[in-house]
Each structure stands twice: as C-alpha cells, then as structure tokens.
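A look at the structure
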Amino acid sequence: MLLEALYFVVVLALSLLFYYRTKYPLHVLFFASLFFIAYMQWCAILLLLGNAIFAFYWGRLISTSAKRKQALFVFGVSILLLELIIFKVLLLEDGAWTGSAAPKLMLTLGLSFYTLQHMAYFFDIKIGRIQPEEKAGYYILSAAYFPKLLCGPVITYQNAKKALFNAPIFKIENLVSGANRFAFGAFKKLVLADRLAPMSAAVFEGSYPLHGFTALFGGLLFTLQVYFDFSGYIDMALGISRMFGINLPENFALPLRATSITHFWRRWHMTLMQWLSAYVYYPFSYYFRKSALLSALIGIVLTLFFSAFWHGIGLTFLLWGACHMLYLSIELLAQQRQIEIPKALGWFLTIVAVSFANVFFRAGDLQVVYKLTTDIFSLNTFWPHNWLAGFVAVIAKGGELNDLFNCALAALLVLLFLLFEARLNAIANSDKFNVSWLFSLLLLIAVLGVFSDGEQFIYARF
Amino acid sequence: MLKKLTILLLLVMAAVFALDHLLFFGLSHNLNLKASYVGQGKVRAEALVLGPCEPLFTIDPDYLEKKLKRSVYNLSLNHSDFADNYLHFYLYLKNNPAPKMLLLYVTPESFDLRFNTFHAYRFAPFLADSIVTATIGDLDSNYAPWMRLPLLRYSYFGRMLLFPALQGFKHWNSGKQKPYLSKGYEQHRPAVSPFFDPARKSDSLLFDVQLDEFGNTPEDAADKTFIWNAKREKYFVKIMELARAKGLQVIVYESPGFSGILGTQRNRHLFLQKINALSSRFGSAYWCFDHLATCGARANFISPLMMKSAASQNFMDTLSLRINKLK
C-alpha cells in the first residue's frame, strides 16, 4: 500500500505539473487516466475503451437515424445492461464481500459507473437534449477521467463536458482546497471506515447466534462504515479534481441527519439518485401521469428496483431495495394524509430503517439474511441479558482489553465526527491554507489510520 | 503560503519523530508484551517453553517447576508460527541468561501454512536488530517497506500497538516489575476488562460458543491433509540451530490431541515421521503423546489439540517423568 500511495502521489504531481504547463492539458488527463487504470488492472482499459468507443459511435448512430432512433436506443441500452448483468453474475459467483472476487472486480473497474454515463448519453441524444460528441477522445476521457472512475460521483456526459473541457487556469487556491478535501477523505476512509469494518464484519460474518439488538446494531455499524468509506472516496475524488481546477458534483449532504427516508435519499449518493430520477423515475412516472399517486408509486418501485440491480444481482440487494420501496411508499401515503412526526423521532426511525435495510445490503447471501433477521425478530432475546458478553464482546471481536480499546476509540471518533460534521465539512471545502487542519488530519491518519488490513473501497465492488 | 507550508512540514516532522519515540518507549516498557519483557532481561529460567497457543494454555510453569525441580518460563504465544517463536527465542537469548532446556511444541499443523502465522507487529520495537528485520523481510513483504519509516512502522499495526504502547506508559509510570502473566502462562479464558464487569470471572463470552462449535464442527483440524511448508521448516531449523549454539537440551514434543480428530487426519503419520527425522538431525527425539488415555475423551479438551487444565496436569506429570528419566 505504501508503494502504491507513493506511485499515486508521484503520478498525480507529474500530471498536475504537465496539466498546467502544457498546451494539451486534456491529453495529460487522458494519459494520466489510462495510466491510473493500467496500474490497477491493465485489462480494465480494454473494457473501458471498448465501452466508450461503442457508446460514442452508437450515440452518433442514434442521432443520425431519425426513424430507428427508439429501436437503436433500446438496443444500445440492452447491450450495456446485458454486459452489466454478465459481469455482475460472474462476480456474484465468487461473492463480492469475501474478497475472492477482487481480481475480477479490478477487471471491471468503474464499469457500473461509466455504464450509467453511456445510458444517459443515449437517452439524452434520443430525446434531443444533447448533440453527440464529435471527438472520440473527448468522449473517452469523460468516461475514463480517473478521480471519478472507481466509485463516482455519477455524472452525465453533458456535466462531464462542462466540468472537464475548459482551459486550465492555475490557482493556488485550487491546490489548497483540493488538498484540504483530499486529506479529509483519507481521514474518513483510513481512520473511521476501516476502524468500523472489523466491527461490522463481526456481526455479518460470525456464525454464532446474536441478540436482536446486536444484529440490528451491526446494520448501523455497516451504515456508518459505508458512509465514511464512500463519502471518503468522494472527498478524495473531488479533492484531486479540484487540484486540476475541475469541479465534480457533490454526492453527500449530511445524510445521517436526515429526518425521513425521502430526506435521506436526497442527501445520500445524490448523483446516483439524480441519475435515477432523470432517467428512470420521471420517464416511467410520465406514462402513468393520469394518477399522481400511482405514477409516484410506480416511479419509486422502478427506481429502487434499478438501484438494487445496479448494486448487484442478487436477492439480498432486491430485499434492500424492497425495504426502501416500502419506506418511501409509506412516507408518500403519510404525506398525502398530512401525517407528521416530530423531527427527533423521524431521525431515529430513519436511522433504524436504513440500518435494517442495510442488513440485507451487506448480508451477501440468503443464509446470512435468514440468520440475522431471525436474530432481530426473536423478540424474547432482542436485548442482551449480559451486555458485555452479548454485545460488547461481539462488536469488539473479543473480550481482550486491546479489542475493547479499539472499539471504544472507534465509537469516540465516530461520535465526535458526527457531532461536528457540518463544521468539518466547511473547513474541508475551504480554499484557505489551514495549518492546524492539515496538521491534525495528517497526524490523526498517521497515528490512528488502518494500514495493515484496511478494506478496499466498498463501492468499488459495485 | 510557502511559509505556512514550511511550518506545516516542520510541525509534521517534529510530531512524527516525537510520536515515534513515544510509541517505542511505551511498547518497550509494556511488560505484558513477551518480546518487550524478555527484551528487558529480567527473566531467569532454566527451562523455556516455546510454541503457539497449545503450550501457552496448557503448560503451567508453576506446576511444571515442581515436577522438574527447575525454574520454567513459558515463552509461547497465541497463533504463533516457528518464525515468531524463533524471534522470541532469539530475543530471549540475547537479553537473558541462556536456559538449560528448551521445550519446543511441534505438531503437523506447525509445518502447514494454514495454521498459525507470523506476527510482524510483535517485533515493531526491535527493528534496530538486523536478525529481526531480516526475518520480517523474509515473511512479511507488506510490512517490510514500512519498517524504516518513523511512526508509520508502529501505526502500520496501529490496531495492535497503540493500546499496548499506552499500557507501557502506565507500567513505566507505576513502576510495575512483573507482567500480568508473570511466567508467561495464560489460563485458558479470554481476558476481560474489569472496567466493564469487575465481578465477572470472564470464562464464557464468545469462547463458550467456540466450545460448543468444537463439539459439532471441528473442521479446522479434522480430515486434514497437511501440506509441508519449506519456510516453516527453515525457521524450525533456525530454532534448533540457535539452541544448539547455546548448548541447550531440546525436547521436541506434541501434547496429547483428541483422538477423535487426530484419527481423521490423512497424512498425520507421514508428518510425524518427517518431524522425527528432522529433530533427530539435531540430536533430539520427537515425543508424541497421542497414545495416552487422555486423548480418547472429548471432555478433556477445549479444542482438538488443547487440553483442559486437569488433563494438562496429567500430561505435565507424564512429560516431566520422561524428562527426569533423561537426566
């Protein structure tokens, strides 16, 4: 990991240098992106290039063929979906959570993310929202742009075009702001997410029976882990991008403070939800526009079905999607009847509901789903009789002092972070060189970061 | 801007070096870490017990001392392999008077990479020693590049080392002289913080579940075809060579295992022959105790190779009798 980090820093520094010095900055970005992919898995370049070239030419075909526009659009999307299904099924065989699928995951580096871009590109050309790109290189770069490749944010081609294809203007503020954001993301990933990972794994990967509360708490731990992991990556991606003077869209807006599930989805993985709204929810609800309620419900079901499918082909993801379909439908009905609940209660219910749904998201297979739901719904054993043995020792992965220390430290760090998150976000987005901020983050990462057995980014699995 | 950057770099460098020294200090003063404790040169033992969790939990030096009539220290460590044992043995000999005898636990699992492992983090405070760094370089290529980086050499294993470093400060501050496990032997139960439940005897927790699982699914040890590993052999030989160089009498032994499991291991007999041949090269016979009546009863075992304390006392009686006959 050390050498990888060093290579990355060197390549990034060289790319920045050439990007601002050369007359061909986009070429620099293009080759830096290819180098980044090749370093991780050179075969992934073939898949990415193949997809991007197909999308580029197919987009042109859709635009030039007035009569067969719809058929070409459906065919193009079907090809992309089929490819996604094939790769996701292949990955599913090995199990994305076990780590054994890692080489295959590397092969499909960013596939789920750039597939969304290609599909949106076809759709936008079909309805005449955009004109097809004329230069293949530009289109390929928009798909391959390395900061967003692995885990997003999800962007459409027109957004990528607006963000990427401008003449670079060197500003020291961009470098500072990028560094502030990058360090913040690294802290979230290395200190918070990776410290929570073994604790949530203890719940999901253990074969021993659990008390209902402990199993549900595992869902909360995973929710926190995936939040810090994913938002940490996004911070790093946005930070690097900002160093190049490129602004990528935000993906999170304090989602763990949401007071309803609707509210939660407006703040969580925002770029995916925007994509789903634009290309699944609205087009499908349009067909049922005669009944507002029906169109909203059908939109919710299809959007979350697609979201579940995008995350992985398996019943566990479908169950996760079904939970959110149910939550959102209930909220929609409650909203229609003007039922309101206090914000504090809303926040609590949202956290519990999201954590419960994430039990399915993280479970991996139906056996684990069955075990954990049985644990959660065995009401007579919901609360641990002995909190040390039935809760702390399970979460801490043992009863030794060192395990308890790590567990307590993770809890403290997470609580402090969540308490001051809004303020920390503001500093991370600042373009002022804040010595104490960078010093604190670097030191916290160096002392409390997990380097030896850290997890790969969770969303790189999808 | 440049001024601020310089200040940041200077601050980071100062903090890194200060924390590096503090962590080293804390870890070196933690008496509960066996490597640190033996590194302080405070152990005086005539017989040394070496191996993974089986001897750690079954060989009680207080009991064995009475039988052997010589002082005993248990240098065994949980999940350790031969390389781990070798470095502990090396650090012991480097800092303490050499014992007269080494009791080395060896079983077919010891030569199979799937069982136990090398823990580089245990040696983080000893990276100034070339033998230690060479062994880590040989066995943990991920950690090797981090070894020379101040602070990161410790924080690479932060989850394992931060708490022991803080505990080391406490030991230093309180003037503590003896470790929690004064003779290295650990009673078979997970340690639990008295902070959570002072009255608790801490003998259940998750371990109860593991005990139950053993009764039903002992898949870790049953039906195994062992695979011989050359690196395991290399470090076994290094232990034997080191013992020979210091003139130690080496007893290579395997404590009794549950016959219901051992009987299902496909090439166990071939491994026993191979271990015997290897030990003989250094003038030591390989003692197996799988014929004892203890082996037949499931009730005597915590796990397939680990006896409960009553059974292990019977075993220590037999072992010491045999050692005393040698004398």
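Residues numbered from 1 in each chain as written. Chains lettered and ligands numbered in written order. Predicted model: local features only at pLDDT ≥ 70, side-chain atom pairs only at ≥ 80, totals over all residues.

**Notes on the overall build of chain B**
- If you tally the helices and strands in chain B, you get 13 helices and 7 strands.
- Within chain B, the fraction of its 327 residues that count as buried is 45%.
- Here the contacts in chain B between residues at least 6 apart in sequence split such that 79% fall between residues at least 24 apart. (Helix = DSSP H or I, 4+ residues; strand = E, 2+ residues; numbered from the N terminus. Buried ≥ 20, exposed ≤ 12 C-beta atoms within 10 Å, placed from the backbone. Contact = placed C-beta atoms within 7 Å.)

**Details of the domain arrangement of chain B**
Residue and element names in this part refer to chain B.
- Each assigned domain of chain B is listed here: domain 1 (6-40 + 119-177) and domain 2 (46-112 + 183-188 + 202-327).
- A straight line from the C-alpha centre of domain 1 to that of domain 2 covers 29 Å.
- If you look at the interface, domain 1 gives 12 residues, while domain 2 gives 13 residues.
- For the side of domain 1 that touches domain 2, the secondary-structure elements that each account for two or more residues are α2 (34-39) and α6 (130-139).
- In the side of domain 1 that touches domain 2, the residues fall into 7 nonpolar, 3 polar and 2 charged. (Domains from an automatic or database assignment. Nonpolar A, V, L, I, M, F, W, Y, C, P; charged D, E, K, R; others polar.)

**Digging into α6(B)**
All names here are of chain B.
- Restricting attention to buried positions, one finds in α6 the residues Val132, Thr135, Ile136 and Leu139. Buried residues of α6 fall within an arc of 100 degrees about the axis and therefore sit on the same side. Counted as exposed and oriented over 90 degrees from the buried face of α6: Ser130 and Ala134.
- Against the buried residues of α6 lie α5 (82-95). (Arc of directions from axis to C-beta.)

**A look at the sheet that holds strand β5 (residues 286-288) of chain B**
All names here are of chain B.
- Taking strand neighbours across the sheet as the criterion, the 5 strands line up as β2-β1-β3-β4-β5 in an open arrangement whose pairing is parallel. The open sheet is flanked by β2 (72-74) and β5, the only strands paired with a single partner. Between one strand and the next, the sheet's axes are offset by a mean angle of 20 degrees, whatever the strand orientation.
- As paired strands, strand β1 (residues 47-50) and β2 are joined by 3 bridges and run parallel to one another. In the strand pairing of β2, Val49 is matched with Asn74.
- Contacting β1 and β2, helix α4 (residues 61-68) runs over the sheet at an angle of about 150 degrees to β2. (Pairing = 2+ DSSP bridges. Axes fitted to C-alpha atoms, helices over the stretch in contact; angles between N-to-C directions.)

**As for the environment of Tyr185(B)**
All names here are of chain B.
- Among the secondary structure elements, Tyr185 is positioned in the loop between α8 (158-174) and α9 (205-216).
- It is 5.6 Å that separates the C-alpha atoms of Tyr185 and Asn74, two residues lying 111 residues apart in sequence.
- Setting aside anything within four residues of it in sequence, one finds Tyr185 in contact with Ile59, Asp60, Pro61 and Asn74.

**Topic: the nonpolar core**
- In this structure, Ala144(A), Leu48(B), Leu102(B), Leu103(B) and Leu104(B) are the most contacted members of the largest nonpolar core, which totals 212 residues.
- Sort the elements by how many residues they give to this core and helix α11 (residues 212-243) of chain A lands first, with 16 residues.
- Non-local contacts of Leu104(B), meaning those with residues more than four positions away in its chain, are made with Leu50(B), Gly51(B), Ile239(B), Val250(B), Ile251(B) and Val252(B). (Core = buried A, V, L, I, M, F, W, Y, C linked by C-beta atoms within 7 Å.)

**So, the environment of Lys183(B)**
Residues and elements named next belong to chain B.
- Tracing the chain through its elements places Lys183 in the loop between α8 and α9.
- Under the C-beta neighbour-count criterion, Lys183 is labelled buried, with 21 such atoms within 10 Å.
- Sequence separation between Lys183 and Asp62 is 121 residues, and the spatial gap between their C-alpha atoms is 8.0 Å.
- Discounting residues that sit within four places of it in the chain, Lys183 has contacts with Pro61, Asp62, Val72, Tyr73 and Asn74.

**Section: the domain arrangement of chain A**
All names here are of chain A.
- When cut into domains, chain A gives domain 1 (2-170) and domain 2 (173-461).
- Placing the centre of domain 1 and that of domain 2 at their C-alpha centroids yields a distance of 25 Å.
- With 30 residues of domain 1 at the contact, the number on the domain 2 side is 28 residues.
- Those elements that place two or more of their residues in the side of domain 1 that touches domain 2 are α1 (2-21), α4 (69-94), α5 (102-107), α6 (111-126), α8 (146-149) and α9 (157-164).
- The biggest single contributor to the side of domain 1 that touches domain 2 is α6, with 5 residues.
- Its residues assigned to classes, the side of domain 1 that touches domain 2 shows 24 nonpolar, 4 polar and 2 charged.

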